[in-house]
Amino acid sequence: MSEYDGGHDSWDDGGHGTHTTDSPDVIVTQYEDGSQLAVADTNHDGYADLVAHDADGDGHPEVVYADTDGDHKLDTAVYDYNEDGKPDAVGIDRNHDGAIDEIGLDRNHDGAIDTIISDDNFDGKADHLVADTNFDGRADLAAVDNDEDGRPDAVVTDSNYDGTPDTVYYGDQDSNPLPTAGDVDPYAAR
């Protein structure tokens with residue numbers, strides 16, 4: 001059981017970590033393994049608006065969760081895997097079910113989103129993928145799963161990177177032109 005000492009703005013949760021408050025609306029937890037968790041109520045309504053997790057305790061959070069629409073649910077996650085201060089992935093939970101259903105990735109860590117993956121019917125499988133595979137600022141791969149079976153039905157590519165699609169592939173229920181599209185790894189930005 002946690003004990004709060006209001007006179008010192010800290011409490012001990014029984015061995016799992018020490019909590020300190022930088023202000024009445026921010027709680028920072030330092031765990032025994034060196035990791036930290038910070039929870040902030042930025043609009044002073046009593047609900048967490050930001051939660052930052054610093055797994056290695058170096059002062060730079062690898063992931064920050066946010067309530068961007070004020071409904072008291074954390075609906076956005078910003079990942080900085082290489083801790084360079086630039087987002088490597090931004091995920092959004094559009095239907096507030098606790099699962100990321102749209103994610104933008106910066107796979108080459110240049111500060112620009114180069115891949116967008118979305119699950120439009122919220123079934124846990126990617127329905128649309130748009131990617132800039134050579135990082136020139138133009139999309140050169142797009143895939144869509146119209147029948148929502150977890151496999152792309154149409155794939156469009158610009159294989160010579162001239163800005164004009166040159167390959168269109170239409171699949172059917174028994175084919176899978178892009179084998180991993182149904183199970184796209186949101187952590188591929190690492």
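Please read these numbers as outputs of a predicted model, since none were measured by experiment. (Residues numbered from 1 in each chain as written. Predicted model: local features only at pLDDT ≥ 70, side-chain atom pairs only at ≥ 80, totals over all residues. Heavy atoms only, no water.)

Caption draft 1: View of the pattern of salt bridges. By the definition in use, this model includes five salt bridges. We note a salt bridge from Arg94 to Asp101, for which the minimum N-O separation is 2.9 Å. The partner of Asp114 in a salt bridge is Arg107, with the nearest N and O atoms 3.1 Å apart. Taken together, the shared-partner salt bridges connect Arg94, Asp101, Glu102 and Asp120 into one network. (Salt bridge = Lys/Arg side-chain N within 4 Å of Asp/Glu carboxyl O.)

Caption draft 2: Quick peek at unusual backbone geometry. Here Phe135, not a glycine, exhibits a phi torsion of approximately 60 degrees, which is positive. Residues other than glycine seldom take positive phi values, yet Tyr161 does so here, at roughly 55 degrees. Summarising the element assignment, Tyr161 is placed in the loop between strand E14 (154-157) and strand E15 (167-170). (Helix = DSSP H or I, 4+ residues; strand = E, 2+ residues; numbered from the N terminus.)

Caption draft 3: Fine view of the confidence of the model for the protein chain. In the predicted model, the protein chain carries a mean pLDDT of 80, and the fraction of residues at 70 or more is 77%. Between residues 1-16, whose pLDDT stays under 50, and residues either more than four places distant or in other chains, the model counts 27 contacts. Segment residues 173-190: pLDDT under 50, and 37 contacts once partners within four positions in sequence are set aside and those in other chains are kept. (pLDDT = per-residue confidence, 0-100. Contact = heavy atoms within 4.5 Å.)

Caption draft 4: Examining the nonpolar core more closely. Tyr79, Ala89, Ile103, Leu105, Ile117, Leu129 and Leu141 are the most contacted members of the largest nonpolar core, which has 14 residues in total. Looking at this core, the elements with two or more residues in it are strand E8 (76-79), strand E10 (102-105), strand E12 (128-131) and strand E13 (141-144). (Core = buried A, V, L, I, M, F, W, Y, C linked by side-chain atoms within 4.5 Å. Buried < 20%, exposed > 50% of the residue type's maximum accessible area, 1.4 Å probe, protein only.)

Caption draft 5: Here's a closer look at the pairing of strand E11 (residues 115-118). Judged from the four bridges that link them, E10 and E11 form a sheet pairing that is antiparallel. By the bridge assignment, Glu102 is partnered in E11 with Ser118. Strand direction decides the pairing type here: E11 and E12, joined by four bridges, are antiparallel. Residue pairing across strands places Ile116 opposite Val130, the latter belonging to E12. (Pairing = 2+ DSSP bridges.)

Caption draft 6: Up close: the packing of aromatic side chains. Counted by the stated rule, this structure contains one aromatic pair. Arranged with centres 5.6 Å apart and planes meeting at 15 degrees, the rings of Tyr79 and Tyr81 form a pair that is stacked. Of the two residues, Tyr79 and Tyr81, both sit in the buried class. (Phe/Tyr/Trp six-rings, centres within 6.5 Å; stacked < 30°, edge-to-face > 60°.)

Caption draft 7: A look at the pairing of E10. Across four bridges, strand E9 (residues 89-92) lies against E10 in antiparallel orientation. The partner of Ile92 across the bridge, within E10, is Glu102.

Caption draft 8: Representation of a nonpolar patch on the surface within the structure. Taken together, the side chains of Ile113, Ile116 and Val130 make up a nonpolar region of the molecular surface, amounting to roughly 240 Å² of accessible area. Its location among the elements puts Val130 in strand E12. (Patch = residues over 30% accessible without salt bridge, like charges linked within 9 Å, V, L, I, M, F, W, Y side chains within 5 Å. Areas by Shrake-Rupley, 256 points an atom, 1.4 Å probe, with all protein chains shown as cover.)

Caption draft 9: Molecular detail of the side chain of Ser118. Locating Ser118 in the fold gives a position in strand E11. Among the residues examined, Ser118 registers a relative accessible area of 8% and is labelled buried. Residue contacts for Ser118: discarding those within four places in its chain leaves Arg94, Asp101, Glu102, Ala126, Asp127 and His128.

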